[in-house]
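Breakdown of the fold
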Amino acid sequence: MDGYIDRVLRDLDILQKNLNKSNSYNPIFSDTIRRMKFLKTFIKSEISCRQKYDRLLPNTDDTVKKFGEDIHILSVRSESESFSNLIGVSDQLVFDFKRRIGGSHEGIVRAYEQSISFGWSFATFYEIVEFIDLVLQNLVDLHLVRKKSYCAALRAQIQDLEEKLTFLKSFVCFAKLGGSNHHDFIRWLDHIVAIALKAASLSYMCSFLDEVGEGHSFVCKDVEKCPFHDEIESEYIGKFCSMICKQIEEIKPVDLQGGEIYIDILKASNSSASSRTMKMDEHILNNFNDSLISFIWKLLCCNSNFMDFRKDELEILFSELRFLRSILRMPMEKKNELNEKIGGGWRFLRCILRKPKEEKKELNERIGALLREAGIIICTLALSRVKGGDVNSLDTKKARHCSHMLVNINKRIKHITDLASVSSRGCLAPCHSFKIQKCYKPFSYKLSKAMKSQALRDLASVSSRGCLASCRSFKIQKCYKPFSYKLSKMLPALQVPMTHEVTVGHDDEAKKVSDRLIGGPEQLEIVPIVGMAGLGKTTLAKRVYNDNSIIYSFHIRLWCTISQVYNMKDLLLQILCSDGKRPGINEELEILDEHDLLHKLYQKLKGKRYLVVFDDVWDFSIWNDVRCSFPDEMRSSRILITSRFSNVASQVECGGEPLDLRLLTDIESLQLLQKKVFGEEDCPQSLHGPSVEIAKFCKGLPLAIVAVAGIVATLDLEHDVSAWEEFAKSLTSTVVSLTETCKKSLELSYENLPHHLKPCLLYFAAFGEDAKIVTRNLIRLWVAEGFVENTDGKKLEDVAEEYMMDLIGRNLVMVSERSSMGGVKASCIHDLLLEFCKSKAKETDFLRVLRGYDELYTFNEPRYPPRLSICSSAEDFHKSKLFCPQLGSLLFFRQNAGDDFPLADVSFLFCIYKHLTVLNLEHVVLIHKELPTEVESLCRLRYLALRADALRFVPLSISNLSSLETFYLQSLVEVSLPYTIWDMKKLRHVRVGGRLGARVLPSDNVLENSSTLPGLDTLCYLRLPFNQEGEAMLRRIPNIRQLKIVTADVGEEVCCNMSQLDTLESLNIVSSHFQGPRNHFELSFPKNLKKLLLSGLNLPWSKISLIEQLPNLEVLKLLCDSLRGRRWELTEGGFPKLRVLTLSDVNVVEWTETDTDSDDYFPCLEELKLVGELKLERVPSCLERISTLEMIKVYICGKSDYVGSVISLVRGIEEAQENYGNQNLKILVDCQAW
């Protein structure tokens, strides 16, 4: 039967995968797979104990076999046929199968009850372990169920049960490994079986909880005891809820019975006895070590005076056991090399590590003995806490003995971990210093051989400015599948060969620069080329400088390269001697002082048309120092500047518009890579595919392409296709950033930053590759972190925005998306710079970035990191058991889109991380209806971002977060905020709720209802009535700049005066869709308003006059049902500063103006967006003549005749604009129906 179930599971998995490939989805497949796993657990328990009892469910076998055959036939067909033809058949078959096996539900529950009552026992120890594994998998599957019936309390119970079973499994395996035959151990196995059977029964019942129908009218018998009866919807409270409560209560006493036995069994075990393989030994040690870590973590999380007992020693033990994780996971080869690396300091382990087969076993024996002693200590402390509430319940002698054992075990473990740690805790030396020469196919070469080649030894010139760097030898790590090394471990000093100057791409830019140098005005002009480091600015300048057209156009051409710290005399000598007429600096010039050299340069240039290149300018004051030596005699002389700073033109006299150098296209990147690798030869066709992937990886940055080409040349891949393919797959930004060329270039940019910008740049390391970082969130994080300096008369957010623009101006940060107001909505940095920031942040102990479970699992250092950025699933984060009580900032990001994991219990966050100033959990789904009151313990918090889809209430105690400045809470339901929020005087940004908004509950105290938040800058999704109550609420936020209102329908009357909000710049009003007319409407907007969005108000178009006359309005978005009526007539002189206008799903048909001959409409309009289902038949003729109009975007759907009408109108505007001479108008059309 077991084999049948496994085959059915495989077949269902095949069907589900083929279903996904056909772009279809049916949850019935995943539900049935989960149901089969629960059935397999039950069958396993039944088969194991068949000798005692008759088969309880004889029909189950027949059902599985009958449907299993049909499912198998269908899965085979799905591999060869188009699955779209099988969807209907497969859906029905799987549905029927699920229904049939679900029919055995009550029988299986009864069978579990009988098995528990009779005290079933398994035939062998290994069957017990296998059964526990199945139950654990069932509990994990329950975590993945996103049903409303799985409330926070129930999920917490399931999670707690999973952790308990995990500990039991690891404990029994560890005790068995130690050869324990203690009679208590044999007797204790019966208790474990009882717990496992109860857990299996409980998980099985929970799997059906979401399928209890509304027709059930059961009442929970234990409502008062039920921990989650208030959270489960009423139709789910009944028999199943009662049974679940009963099972949980029955598991607890069984668990406590084994408390004393834990210690006795550990004391009786002998780690030297082992009947298993070394691999299995190591696996068991790892699991038991993890369980001990989890146990200590829970002890450290508790808030009782229990933690006063040797708390520091317990924290040390926790840290050391985490470090043992890394040692246990080390391959034997790394242990040997670690021994060689550490030398004499490793003698302690060297005496243990004698023979390859024995040394690992002996090391595991020593670690096993340490874990056994640690387990005794931990169990003693935990049992004492359970019995007496704290360690004070221990008698003095036991407490003294326990304390002595704790100190002693820490010393012994630390002796091993100190030998394994060379420079920093948690980062094993072997990971950075191993040099392994052996490599497997397809990479059969040895890097050491390559190092002997003359070409590699001659690598020197890595910069077009003549920067030389020695090439250090390196050896690639051994790899185990199938690529024989890990590129991420290459030596940072890897050099890039530059045998000849290669120029690819930027043809248009070269022509633009040449045209500006040759043509243009007669007076002296500066032509700047700007862009990020490694973009090819110098290469482009050289290309233009040496072009024949430039040579023939100028009498004299001079070149100088400027360092960050330059010497004026050396600079002038470099310019004077760069014309090629002098082989070097002659003695005549060397003896002159700066003043004489300036005069000499003036004489050299006077009367000539000259071109002088200042390459790599960092400080623009240099131009002021040498300006007197450059005569402006109206001869069209030019100064060409290359710089990483975009604001060069505004800082120098005669500065022209900078040319922002773009990244290379994918085609240009490929051409540059191939020229660098193959020179004049053509790239072999067989290597074209891998070359394309490698070129795309570099994302258009020439510096990265050159670095990768250098790695390729060094590895001598030749024409081995498989080697190229593996190289392309294994290439990472870390590898490229470690090359000397990249490191030097990026280090220069970083060191040139003023002190206040360095932490702002490094903070980008907290975000993942290709992340589009929302600017408003980033600058609020900067403010919360304390990076932004106070400037008199300016808001901190405005200063932070200046920081952002400075970083953009230095071409370190790239703009990903512009806002409708013209600001930076989102930004990013290149992957190479991101890797540099991560490395520098780690080096300076500024921020640690942990990606994925492996990094979380092995993270040990430093013990008190100031900031952590974690990118993983919430489940992995919880299971990693990080303990950093001094942590200042915690930012959590999901590893993959759709990885949102429901987290039932977040109390550990508030118990451990009490020093947090920043907590960002927007990618963790909290399963709560009310924000836990424990959040008040984070009294230093300044930035809090949470996501809880079903959260409805924020507790009164939120006001205890007196330092809180930014509060984000994403929810899918209406949220109620307490009146105490008005006491949080430091609040600056509040974004709570979503589509349904957030309501602030009133207080019974009249004085409290009059308190204000004068510092509040942003308030989003406030649920506000348009009446006197709403006006009173607005008076409490007098200095608000951004306000988003969600208002319930107030019927036919709308009355709200907003003109009092003098500082308000951005306003969104989203109302319930009211279909009838507004009989009374009084709504006034503040005069300083710059951005306005309306939706659902159903105002008559005549009320648009209230908006037309706003003197500072720049952006207007009129969305669905914002205004009502077929005709909109523009008023002359209206919208004096409007730049962006969006019409989305409005029902206007005739859009006209009062005077068709007047041009006094939309004088500043730059962009028009037409979105959704529009029925426009006419647009104002003024749109055909507006000279400022740059873009019309059309994203519409609906009936084809309406779509055609809108597109026809837009094309008419385009044609008329061209006739009026506007050749720059762009039309973007994306129309589904068309």
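The structure displayed is predicted, hence computed values, not measured ones.

What counts as what
- Residues numbered from 1 in each chain as written.
- Predicted model: local features only at pLDDT ≥ 70, side-chain atom pairs only at ≥ 80, totals over all residues.
- Heavy atoms only, no water.
- Core = buried A, V, L, I, M, F, W, Y, C linked by side-chain atoms within 4.5 Å.
- Buried < 20%, exposed > 50% of the residue type's maximum accessible area, 1.4 Å probe, protein only.
- Domains from an automatic or database assignment.
- Contact = heavy atoms within 4.5 Å.
- Helix = DSSP H or I, 4+ residues; strand = E, 2+ residues; numbered from the N terminus.
- Pairing = 2+ DSSP bridges.
- Phe/Tyr/Trp six-rings, centres within 6.5 Å; stacked < 30°, edge-to-face > 60°.
- Lys NZ or Arg CZ within 6 Å of the ring centre and 35° of its normal.
- Axes fitted to C-alpha atoms, helices over the stretch in contact; angles between N-to-C directions.
- Parallel < 35°, antiparallel > 145°, perpendicular 65-115°, else oblique.
- Left-handed = near helix turned anticlockwise from the far one by under 90°.
- Nonpolar A, V, L, I, M, F, W, Y, C, P; charged D, E, K, R; others polar.

A separate point is the nonpolar core. Ranked by internal contacts, the top residues of the largest apolar core, which has 217 residues, are Trp1128, Trp1151 and Phe1162. Counting contributing residues, this core receives three or more from each of domain 1 (1–118) and domain 3 (1130–1233). Beyond its immediate stretch of four places on either side in the chain, Trp1151 contacts Trp1128, Leu1130, Leu1141, Leu1143, Phe1162, Leu1168, Leu1176, Arg1178, Val1179, Pro1180 and Leu1183. Counting 90 residues, the second largest nonpolar core, distinct from the first, contains Leu517, Ala541, Ile773 and Phe836.

Of all 11 residues in helix H35 (residues 775–785), 10 are buried, a share of seventy percent or more. Among all positions in H35, only Thr775, Asn777, Leu778, Ile779, Arg780, Leu781, Trp782, Val783, Ala784 and Glu785 are buried. Immediately beyond the C-terminal end of H35, within one or two residues, lies Gly786, with a positive phi of roughly 85°.

So, about the pairing of strand E28 (residues 1127–1130). On E28, burial follows the alternation: Trp1128 and Leu1130 on one face are buried, whereas Arg1127 and Glu1129 on the facing-out side are not. Summarising the sheet, E28 and strand E30 (residues 1150–1153) pair through 4 bridges and their orientation is parallel. Following the sheet pairing, Trp1128 is matched in E30 by Trp1151.

Turning our attention to the packing of aromatic side chains. Summed over the entire model, instances satisfying the criterion amount to 31 aromatic pairs. For the ring pair Tyr943 and Tyr968, a centre distance of 5.7 Å and an interplane angle of 70° mean the geometry is edge-to-face. Linking Tyr943 in strand E14 (residues 943–947) with Tyr968 in strand E15 (residues 966–970), this pair joins segments that are 25 residues apart in sequence. Here a set of aromatic residues connected by ring pairs shows up, and it is made of Phe167, Phe171, Phe174, Phe288 and Phe295. Between Arg325 and the ring centre of Tyr857, over which it is positioned, the NZ or CZ distance is 3.8 Å. In this structure, Arg867 is placed above the aromatic ring of Phe846, and the distance from its NZ or CZ to the ring centre is 4.4 Å.

The next thing to look at is the sheet that holds strand E7 (residues 814–818). If you walk across this open sheet you meet the 3 strands as E6-E8-E7, and the pairing is antiparallel. Looking at the sheet topology across the chains shown, the edges are occupied by strand E6 (773–774) and E7. Where E7 and strand E8 (residues 824–828) come together, 4 bridges link them in antiparallel fashion. Paired with Arg818 across the bridge in E8 is Val824.

With their axes 9 Å apart at the nearest point, H35 and helix H36 (residues 796–809) run at an angle of 115° to one another. The angle between the axes of H35 and H36 places the two elements in the roughly perpendicular class. At the point where H35 passes H36, the crossing takes the right-handed sense. Listed contacts from H36 to Thr775, Leu778, Ile779, Trp782 and Val783 of H35 are Leu796, Glu797, Ala800, Glu801, Tyr803, Met804 and Leu807. Residues belonging to the contact of H35 with H36 are distributed by class as follows: 9 nonpolar, 1 polar and 2 charged.

For the rest of this paragraph, the subject is the sheet that holds strand E4 (residues 638–643). Judged by pairing direction, the sheet is parallel, and its 5 strands sit side by side in the order E2-E3-E4-E1-E5 without closing on themselves. Edge strands, defined here as strands with exactly one partner in the open sheet, are strand E2 (556–561) and strand E5 (659–660). Taken together, the 2 bridges between strand E1 (residues 525–530) and E5 define a ladder with parallel strand orientation. Bridge pairing links Val530 to Asp660 in E5. Taken strand by strand, helix H20 (residues 507–518) contacts E1, strand E3 (610–617), E4 and E5, and its axis lies near 165° from that of E1. The strands that helix H25 (residues 594–605) touches are E2 and E3; relative to E2, the one it contacts most, it runs at about 145°.

So, on to the pairing of strand E17 (residues 989–993). Within E17, 5 of the 5 residues are buried, leaving the element largely enclosed by the surrounding structure. The pairing of E15 with E17 spans 5 bridges and is classified as parallel. Bridging from a neighbouring strand, Tyr968 pairs with Arg991 of E17. Where E17 lies against strand E19 (residues 1018–1023), 3 bridges are found, and the strand directions are parallel. When the bridges of E19 are listed, Arg991 appears paired with Cys1020.

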